[in-house]
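Here's the letter readout for the chains.
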Amino acid sequence: MSAEDQIKETITANDVVLFMKGTKTMPQCGFSSRVAGVLNYMGVDFADVNVLADDGIRQGIKDFSDWPTIPQLYVKGEFVGGCDIITEMTLSGELDTMFEQNGVGFDKEAADKIREANG
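Throughout, residues of each chain are indexed from 1 in the direction in which the sequence is written. A pLDDT threshold of at least 70 governs which residues receive local features in this predicted model, and a stricter bar of 80 or more applies before side-chain atom pairs are shown or counted, although totals over entire chains, interfaces and linings include all residues. As a convention, hydrogens and water are excluded, and side-chain values are obtained from all of the structure's heavy atoms.

*Asks:* I'd like to hear about the overall build of the chain, residue by residue, with values.
*Replies:* The secondary structure listing takes helices from DSSP runs of H or I that are at least 4 residues long and strands from runs of E that are at least 2 residues long, numbered from the N terminus. Regarding its fold elements, the chain presents 6 helices and 4 strands. Counting from the amino terminus, the chain carries its helices and strands in the arrangement α-β-α-β-α-β-β-α-α-α. Computed over its C-alpha atoms, the radius of gyration of the chain comes to 14 Å, within 12% of the 14 Å expected for a compact globule of 119 residues. C-alpha atoms of the chain, sized along the principal axes, occupy 45 × 25 × 25 Å. Three labels apply to residues, based on accessible area from a 1.4 Å probe with only protein chains included: buried if under 20% of the type maximum, exposed if over 50%, partly exposed otherwise in between. In the chain, which comprises 119 residues, the share counted as buried stands at 39%. Any pair of residues with heavy atoms lying within 4.5 Å of one another is described as a contacting pair. If you take every contact in the chain between residues at least 6 apart in sequence, the share linking residues at least 24 apart comes to 59%. Residues scored as charged are limited to Lys and Arg (positive) and Asp and Glu (negative), so that His and the chain ends carry no count. The atoms used to mark charge sites are NZ of Lys, CZ of Arg, CG of Asp and CD of Glu. Where the 10 positive side-chain charges of the chain centre and where its 20 negative ones centre are 4 Å apart. Using C-alpha atoms as the atom set, the radius of gyration is obtained and then compared with a globule rule of 2.2 Å times the number of residues to the power 0.38.

*Asks:* Hey, could you go over the pattern of salt bridges for me, with residue numbers and the actual values?
*Replies:* A side-chain nitrogen of Lys or Arg and a carboxyl oxygen of Asp or Glu constitute a salt bridge if their distance falls within 4 Å. Scanning all chains against the criterion turns up 6 salt bridges. Lys 76 serves as the salt-bridge partner of Asp 15, at 3.4 Å between the closest nitrogen and oxygen. Residue Asp 15 is located in the loop between helix H1 (3–13) and strand S1 (16–20), and its partner Lys 76 is located in the loop between strand S3 (72–75) and strand S4 (78–81); the two are separated by 61 residues in the primary sequence. The closest approach of N and O atoms between Asp 96 and Lys 108, which form a salt bridge, is 3.1 Å. Placement of Asp 96 in helix H5 (residues 94–101) and of Lys 108 in helix H6 (residues 108–117) is noted, with a sequence separation of 12 residues between them. Given the relative accessible area of 1%, Asp 96 is considered buried.

*Asks:* Talk me through H5; I want residue IDs and the actual numbers.
*Replies:* Residues of H5 that are buried include every one of Leu 95, Asp 96 and Phe 99, and no others. The buried residues of H5 occupy an angular sector of 105° when projected down its axis, which confines them to one face. On its buried side, H5 packs onto S1, helix H2 (30–41), S3, helix H4 (83–92) and H6. Of the residues one or two after H5, Gly 103 is the one with positive phi, at around 70°. Note: the arc covers the axis-to-C-beta directions of the helix.

*Asks:* A description of the side chain of Ser 65 should follow, citing residues and the corresponding values.
*Replies:* Looking at where Ser 65 falls in the secondary structure, it is placed in helix H3 (residues 55–65). You can call Ser 65 buried: its relative accessible area is 16%. Under this definition, polar contacts are N or O atom pairs within 3.5 Å; protein pairs additionally need one hydrogen-donor-capable and one acceptor-capable atom, and for neighbouring residues in sequence, both atoms have to be side-chain atoms. At 2.9 Å, the side chain of Ser 65 forms a polar contact with the backbone oxygen of Ile 61. Once residues lying within four places of it in the same chain are set aside, the contact partners of Ser 65 are Gln 72, Tyr 74 and Phe 79.

*Asks:* Residue-level account of the sheet that holds S1, with values.
*Replies:* Here 4 strands make up an open sheet; going across it, the order is S2-S1-S3-S4 and the pairing mixed. One side of each edge strand has no neighbouring strand; the edge strands of this open sheet are strand S2 (47–50) and S4. Along the sheet, successive strands turn relative to each other by an average axial angle of 25°, direction set aside. Summarising the sheet, S1 and S3 pair through 4 bridges and their orientation is antiparallel. When the bridges of S3 are listed, Val 17 appears paired with Tyr 74. Orientation is described by axes fitted as lines to C-alpha atoms, over the contacting stretch for helices, and by angles from 0 to 180 degrees between their N-to-C directions. H1 contacts S1, S2 and S3 of the sheet and is inclined by roughly 140° relative to S1. Strand pairing requires that DSSP identify at least two bridges connecting the strands.

That is the geometry; function is a separate question.
Dropping the structure here:
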């Protein structure tokens, strides 16, 4: 199976997918750690794909999304963005709205605490 087919299958089979360096329990880069930390703290059930484990996926996801950096977040098959975009969306409440509109479960109180702590 090609990297592109693996990527398509992964984002189709899971509501929320984070392509990252490392895993959600052991991130191996600060940017991946930040996004995984936000999702974990908010109680989002997400699939993590460690791009360091497969060079084909590591380059393939950049080509697939036409986005040069890792991490990359997908919700319901749609590319959302990388670390800076996810951080901004979390702080503005846009991420909450996106999850609500797509039926993705998350802890609203935890999301509010993130905003309070960074307000």
